[in-house]
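Structure at a glance
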Amino acid sequence: MNKLELQKTANEVRKGIVTAVHGAKAGHPGGSLSAADIFTYLYFEEMNIDPKDPKKADRDRFVLSKGHTAPGLYSALANRGFFPVEDLKTLRHLGSYLQGHPCMQETPGVDMSSGSLGQGISAAVGMALAAKMDGKEYRTYTLLGDGEIQEGQVWEASMFAGHRKLDNLVVIVDNNGLQIDGKIDDVCSPYPIDKKFEAFNFHVINIDGNDFDQIDAAFKEAKATKGMPTAIICKTVKGKGVSFMENSAGWHGKAPNDEEYATAMADLEKIGAELGGAN
Amino acid sequence: MADVKKIATRESYGNALAECGADFPNLVVLDADLAGATKTGVFQKAFPERHIDCGIAECNMTGIAAGLATCGKIPFISSFAMFAAGRNFEQVRNSIGYPHLNVKIGATHAGITVGEDGATHQCNEDVALMRAIPGMTVIVPSDDVEAKAAVRAAIEFEGPVYLRFGRAAVPVINDTPDYKFEIGKGVVLREGTDVTIVASGITVASALEAADMLAADGISAEVINIHTIKPLDEELVIASAKKTGKVVTAEEHSVIGGLGSAVCDCLSQKCPTPVYKIGMQDVFGESGPANALVAKYGLDGKGIYESTKEFVK
């Protein structure tokens, strides 16, 4: 996909996020929207996956370590063709295969159940290790929140990945700057994030995580990096694309009501029109 | 029992892994800086490329095992029960239990027979924690023969399994020609009519000793080895309870949530029977030689004999 196509797709992914969370009357729109460009790039450009064969043997793997942003993952998977976009509305409903946090047994395309913060990165490390042990070429990607990296297990996993030189692993940090209780640097600052991963023997790339040129360059650089894992620290805007959700900690884990939903969708329709309509 | 062969089940664990390594190419073993103590060093020596030392980071080890399992490996994570089940509880629950991944948890140094290290390392709560996780199989082998059989059975079984091993050498009691291990199937070691003693792990040998002492007093005790605490062999427990009308449970674990609770959960619903639970009575352990601790807390033959005699009189 070219940049414009990616931008248009990301806008559709954002519509799916807002629709899912509105349908659920609960969920986490802020961190799903901030990472929508990353989800889009991974599933439409970067990863070797097949929606018709979600468990294809040597596919690339993705673990959503910040599992509460499941609406972002689900919307990307649905738009990519793993399941109908229409089903996003059933998010969190009783009996739905779209659980509040990712469940690998329920949802096609979900490689690992996650949601308890700090645990997903370890599973991703295990997948990357399995590829190394078996001499396979597949790569593993994991997305973490910037609040999530306050969990100690993240650094246990990073120490191991650096020690084992897992260059088939890419750790992505969605640095939208906000967590439930407020700004991450007010609550318990994880900064400097890049220096921490460097200290754990990662190759570190700092980018604007809402800019596809920079995202594209970073993932290409990660692929070319040998002998160490890569961490891509993505500066993003929480709630990106929906005017009243942008940079608001209050929209971390809250669903829009009907009126707010209409406003949010109008915002995204406008962005879509500015991009020149659908792909 | 001075002339009986004694082996610690942690030794059996390491040996069984090494013996199974060639048969199961997907078998991998993970440690958290305790390969010498958990005895997985034996496997490490034989299959170095399939042994992963994660350093002192049990939670990460658990997640790595989960990731390996999604890629077709059969990982065993090894640590002391305190860390494998205790520190790790939520990782085991969410990263292994919830996705029902094919990870085996080899927990050594369980219970008070850890001995001198004392209460911080004597895990008497692990069975309760693991038993509460949906879909988790929980096995507590009683000796070398059973521990080795359990390891092989766990490898052949698809799904998460918690295996509990001890630090101290225990008598070999199952080296009989007709011994057969099947997950979920208890074993009647001695038939009796007055009382049933249900035991697991190190208390199985103690229960056999107690049964001898009870027999001398004219009390006929049936001894059942429940090596699989979950799923419990309910049919066997109920049949024996119906026959004897009184049940004693004996375990090197808290009486809250372990074997005794599992037996009570079953009997209270399906065959109400008086039960007396022998085990750690809601207390922490302490430093001391393993055999002295077992005696102090009433888990040796004499302790089980005395508690049972009091209960049936």
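Residues numbered from 1 in each chain as written. Chains lettered and ligands numbered in written order. Predicted model: local features only at pLDDT ≥ 70, side-chain atom pairs only at ≥ 80, totals over all residues. Heavy atoms only, no water.

Notes on the overall build of chain B
Helix and strand content of chain B: 13 helices and 14 strands. Since a compact globule built from 313 residues should have a radius of gyration of about 20 Å, the 18 Å found for chain B is in line with a globular shape. Once the C-alpha set of chain B is aligned to its principal axes, its extents read approximately 55 × 40 × 40 Å. Out of the 313 residues belonging to chain B, those deemed buried represent 63%. Averaging the coordinates of the 28 positive side-chain charges in chain B and doing the same for the 39 negative ones gives two points 2 Å apart. (Helix = DSSP H or I, 4+ residues; strand = E, 2+ residues; numbered from the N terminus. Rg over C-alpha atoms; globule rule 2.2 N^0.38 Å. Buried < 20%, exposed > 50% of the residue type's maximum accessible area, 1.4 Å probe, protein only. Lys, Arg positive; Asp, Glu negative; His and termini not counted. Charge placed at Lys NZ, Arg CZ, Asp CG, Glu CD.)

Things to note about the packing of helix H1 (residues 3–24) of chain A against helix H3 (residues 36–46) of chain A
To characterise two packed helices, one gives the angle between the axes of the helices and the distance between these axes. Residue and element names in this part refer to chain A. Where H1 meets H3, the axes come as close as 9 Å, and the angle between the chain directions of the two elements is 120°. In terms of orientation, H1 and H3 fall into the oblique class. In this structure, H1 meets H3 at a crossing whose hand is right-handed. In this structure, H1 contributes Leu6, Thr9, Ala10, Val13, Arg14 and Ile17 to the contact, and H3 contributes Ala36, Asp37, Thr40, Tyr41, Phe44 and Glu45. Residue composition of the contact of H1 with H3, grouped by class: 7 nonpolar, 2 polar and 3 charged. (Axes fitted to C-alpha atoms, helices over the stretch in contact; angles between N-to-C directions. Parallel < 35°, antiparallel > 145°, perpendicular 65-115°, else oblique. Left-handed = near helix turned anticlockwise from the far one by under 90°. Contact = heavy atoms within 4.5 Å. Nonpolar A, V, L, I, M, F, W, Y, C, P; charged D, E, K, R; others polar.)

Re the confidence of the model for chain B
In this model, chain B carries an average pLDDT of 97, and 99% of its residues clear a pLDDT of 70 or more. Among the prediction metrics, the complex's ipTM stands at 0.96, with pTM recorded as 0.97. (pLDDT = per-residue confidence, 0-100.)

Considerations on the interface of chain A and chain B
Between chain A and chain B, the contact holds 26 residues from the first and 27 residues from the second. Here chain A packs against chain B, burying approximately 2000 Å² in sum over the two surfaces, 58% of which is carbon and sulfur. The three residues of chain A that bury the most area against chain B are A:Gln119, A:Met133 and A:Glu156, which together make up 26% of that side's buried surface. The interface formed by chain A and chain B holds 1 salt bridge in total. Of the charged contacts in the structure, one is a salt bridge between A:Asp134 and B:Lys73, with a shortest N-O distance of 2.5 Å. (Buried area = accessible area lost by both parts, 1.4 Å probe. Salt bridge = Lys/Arg side-chain N within 4 Å of Asp/Glu carboxyl O.)

Observations concerning the sheet that holds strand S12 (residues 228–230) of chain B
Residues and elements named next belong to chain B. Ordered in space as S3-S2-S4-S5-S7-S6-S12, the 7 strands form an open sheet in which the pairing is mixed. Looking at which strands have only one partner, the edges of the open sheet turn out to be strand S3 (51–53) and S12. Within the sheet, the average angular offset between the axes of one strand and its neighbour, ignoring direction, is 20°. Both strand S5 (residues 104–108) and strand S7 (residues 161–164) contribute to a ladder of 4 bridges, which runs parallel. Along S7, the bridge assignment pairs Ile105 with Tyr162. The sheet strands contacting helix H1 (residues 9–20) are strand S2 (27–31), strand S4 (74–80) and S5, and the helix crosses S4 at an angle near 160°. (Pairing = 2+ DSSP bridges.)

Topic: the sheet that holds strand S1 (residues 61–64) of chain A
All names here are of chain A. Strand order in the open sheet made by the 5 strands is S1-S2-S3-S7-S6, with parallel pairing throughout. Single-partner strands in this sheet number two, and they are S1 and strand S6 (203–208). In this sheet, adjacent strand axes meet at a mean angle of 20° when their direction is disregarded. In this sheet, strand S2 (residues 140–145) lies alongside S1 in parallel orientation, the contact comprising 4 bridges. Considered in S2, the bridge of Leu64 is made with Leu143. Helix-sheet contacts for helix H5 (residues 120–134) involve S1, S2 and strand S3 (169–175), and the interaxial angle to S2 is about 170°.

Looking at the packing of helix H6 (residues 152–163) of chain A against helix H4 (residues 58–70) of chain B
The N-to-C vectors of H6(A) and H4(B) enclose an angle of 65°; their axes lie 8 Å apart at closest approach. Comparing their axes, H4(B) and H6(A) come out roughly perpendicular. Here H6(A) runs over H4(B); the crossing is right-handed. Contact with H6(A), carried on its side by A:Gln153, A:Glu156, A:Ala157 and A:Phe160, involves B:Glu58, B:Cys59, B:Asn60 and B:Ile64 of H4(B) and no other residues of that element. Tallied by class, residues from the contact of H6(A) with H4(B) come to 4 nonpolar, 2 polar and 2 charged.

Comments concerning the nonpolar core
Within the largest apolar cluster, 136 residues are counted, with the highest numbers of intra-cluster contacts made by A:Tyr43, A:Phe62, A:Phe197 and B:Leu30. If you tally residues by element for this core, the top one is H5(A), at 9 residues. Not counting the four nearest positions on each side in its chain, A:Phe197 is found in contact with A:Trp155, A:Ser158, A:Val171, A:Val173, A:Phe202, A:Val204, A:Ala231 and A:Ile233. B:Ala199, B:Ile219, B:Met280 and B:Tyr305 belong to the second largest nonpolar core, which has 29 residues in total. (Core = buried A, V, L, I, M, F, W, Y, C linked by side-chain atoms within 4.5 Å.)

Regarding helix H8 (residues 144–156) of chain B
End to end, H8(B) covers 19 Å across 13 residues, agreeing with the expected 18 Å (1.5 Å per residue, within 8%). Backbone nitrogen of B:Val145 and a side-chain oxygen of the N-cap are separated by 3.2 Å at the start of H8(B); the cap is B:Asp143. (Expected span 1.5 Å × (residues − 1). Polar contact = N/O pair within 3.5 Å; in protein donor to acceptor, adjacent residues only side chain to side chain.)

Notes on the layout of surface pockets
As a volume, the largest pocket reaches approximately 370 Å³. Along its surface, the largest pocket is lined by 17 residues, and B:Lys6, B:Ala169, B:Pro171, B:Asn291 and B:Val294 are the ones closest to its centre. Within the lining of the largest pocket, the residues separate by chemical class into 10 nonpolar, 4 polar and 3 charged. In this structure, the second largest pocket encloses a volume near 270 Å³. What lines the second largest pocket is a set of 18 residues, and nearest its centre among them are A:His68, A:Leu117, A:Gly147, A:Glu148 and A:His252. Tallied by class, the residues present in the lining of the second largest pocket amount to 3 nonpolar, 10 polar and 5 charged. (1 Å grid on protein atoms, 1.4 Å probe; cavity = no way out; pocket = protein on both sides within 12 Å on 5 of 7 lines; lining within 4 Å. Points joined across faces, edges and corners; volume = space filled by probe spheres on them.)

A word on the packing of aromatic side chains
Residues and elements named next belong to chain A. In total, this model carries 15 aromatic pairs over all chains according to the counting rule given. Both rings, one in Tyr141 and one in Phe219, keep their centres 6.0 Å apart while their planes meet at 50°; by these two values the pair is tilted. Taken together, the residues Tyr141 in strand S2 and Phe219 in helix H9 (residues 212–224) connect sequence positions 78 residues apart. For Phe219, a relative accessible area of 1% puts it in the buried group. Measuring from ring centre to ring centre gives 5.2 Å for Phe197 and Phe202, while their planes differ by 70°; the resulting arrangement is edge-to-face. Phe202 sits in the buried class, given a relative accessible area of 3%. Through a chain of ring-to-ring contacts, the aromatic side chains of Phe39, Tyr43, Phe62 and Phe82 assemble into a single cluster. Stacked on the ring of Phe44, the Lys or Arg Arg80 has its end atom at 5.9 Å from the ring centre. Seen from the ring of Trp251, Lys254 lies directly overhead, with NZ or CZ sitting 4.4 Å from the centre. (Phe/Tyr/Trp six-rings, centres within 6.5 Å; stacked < 30°, edge-to-face > 60°. Lys NZ or Arg CZ within 6 Å of the ring centre and 35° of its normal.)

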